[in-house]
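These are the residues of each chain, in order.
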Amino acid sequence: MKLFSYSSCSSCRRAIKWLKYNDIGFELIDILNTPPSKEMLFSASEQYGDRKYILNTSGIVYRSIGSEVIKKMSDNELFQKLFVEPRLIKRPFLFKPDKFFLVGFKEEKWAEELL
């Protein structure tokens, strides 16, 4: 599993602590230096049923662009923007090799899917 994380993100730190506590192996990746691929982002949005679920809507970058501008972006434009501006991606972003994703940290959901 790959965990895309940001060191200043409290949800990411909680997810890392939870994974370690439950002895679940993962590769930690700095999301700012190595963001998820556009294909991963697209697959995650398909899994969640809407691209809004992979967006960090509470972040400064999202607010500076504006929700209306983002809503009008085509999928291709949005996924390109997420790739070049990974602070727009909701974190933590967990990728399992079977093309399964967990975005954001909700302990109950992670336990259901990973334990």
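Remember, predicted model here, so these are calculated numbers, not experimental data.

Reading guide: rules and limits
Residues numbered from 1 in each chain as written. Predicted model: local features only at pLDDT ≥ 70, side-chain atom pairs only at ≥ 80, totals over all residues. Heavy atoms only, no water. Helix = DSSP H or I, 4+ residues; strand = E, 2+ residues; numbered from the N terminus. Buried < 20%, exposed > 50% of the residue type's maximum accessible area, 1.4 Å probe, protein only. Phe/Tyr/Trp six-rings, centres within 6.5 Å; stacked < 30°, edge-to-face > 60°. Lys NZ or Arg CZ within 6 Å of the ring centre and 35° of its normal. Core = buried A, V, L, I, M, F, W, Y, C linked by side-chain atoms within 4.5 Å. Contact = heavy atoms within 4.5 Å. Pairing = 2+ DSSP bridges. Axes fitted to C-alpha atoms, helices over the stretch in contact; angles between N-to-C directions. 1 Å grid on protein atoms, 1.4 Å probe; cavity = no way out; pocket = protein on both sides within 12 Å on 5 of 7 lines; lining within 4 Å. Points joined across faces, edges and corners; volume = space filled by probe spheres on them. Nonpolar A, V, L, I, M, F, W, Y, C, P; charged D, E, K, R; others polar.

**Thoughts on the environment of Phe 95**
- Within the fold, Phe 95 resides in strand β3 (residues 93-96).
- Taking relative accessible area as the criterion, Phe 95 reaches 14% and is therefore assigned buried.
- Between the C-alpha atoms of Phe 95 and Pro 36, which are 59 residues apart in sequence, the distance is 8.8 Å.

**A closer look at the packing of aromatic side chains**
- Evaluated as defined, the whole model comprises eight aromatic pairs.
- On the basis of an interplanar angle of 35° and a centroid distance of 6.4 Å, the ring pair of Tyr 48 and Tyr 53 is categorised as tilted.
- With a relative accessible area of 26%, Tyr 48 lands in the partly exposed category.
- Pairwise contacts between aromatic rings join Phe 4, Phe 93, Phe 95 and Phe 101 into one cluster.
- Lys 38 extends its terminal NZ or CZ atom over the ring of Phe 83, reaching a point 5.8 Å from the ring centre.

**Remarks on the nonpolar core**
- Counting 21 residues, the largest nonpolar core has Phe 4, Leu 41, Ile 54, Leu 82 and Phe 93 as the members making the most contacts within it.
- Among the secondary structure elements, those contributing two or more residues to this core are α2 (38-48), α3 (60-65), α5 (75-84), β3 and β4 (100-103).
- Among all residues touching Leu 82, those that are not within four sequence positions of it are Leu 41, Ile 54, Leu 55, Leu 88 and Ile 89.
- By size, the runner-up hydrophobic cluster in this structure holds 12 residues, among which are Leu 3, Leu 94, Phe 100 and Leu 114.

**A word on the sheet that holds β3**
- Across the sheet, four strands lie side by side as β2-β1-β3-β4; this open sheet has mixed pairing. Every other strand in the sheet has two partners, leaving β2 (27-30) and β4 as the edge strands with one partner each. Along the sheet, successive strands turn relative to each other by an average axial angle of 20°, direction set aside.
- Judged from the four bridges that link them, β3 and β4 form a sheet pairing that is antiparallel. Bridge pairing in β4 places Phe 93 opposite Val 103.
- Packed on one face of the sheet, helix α6 (residues 107-114) meets β1 (2-5), β3 and β4 and runs near 165° to β4.

**Focus on the environment of Ser 7**
- Structurally, Ser 7 can be placed in the loop between β1 and α1 (10-21).
- For the pair Ser 7 and Phe 101, spaced 94 residues apart in the sequence, the C-alpha separation amounts to 20 Å.

**Considering the layout of surface pockets**
- Taken as a whole, the largest pocket encloses approximately 390 Å³ of empty space.
- The wall of the largest pocket is formed by 22 residues, among which Ser 11, Asn 56, Lys 90, Arg 91 and Gly 104 lie closest to the centre.
- Looking at the lining of the largest pocket, the elements with two or more residues in it are α3, β4 and α6.
- Partitioned by chemical class, the residues of the lining of the largest pocket number 10 nonpolar, seven polar and five charged.

**What about the pairing of β3?**
- Burial of β3 is two-sided: the residues Phe 93 and Phe 95 facing one way and the residues Leu 94 and Lys 96 facing the other way are all buried.
- Where β1 meets β3, three bridges bridge the pair, whose relative direction is antiparallel. In the strand pairing of β3, Phe 4 is matched with Phe 93.
- Hairpin connection, β3 to β4: the antiparallel pair is bridged by three residues, and Lys 99 has positive phi, about 60°.

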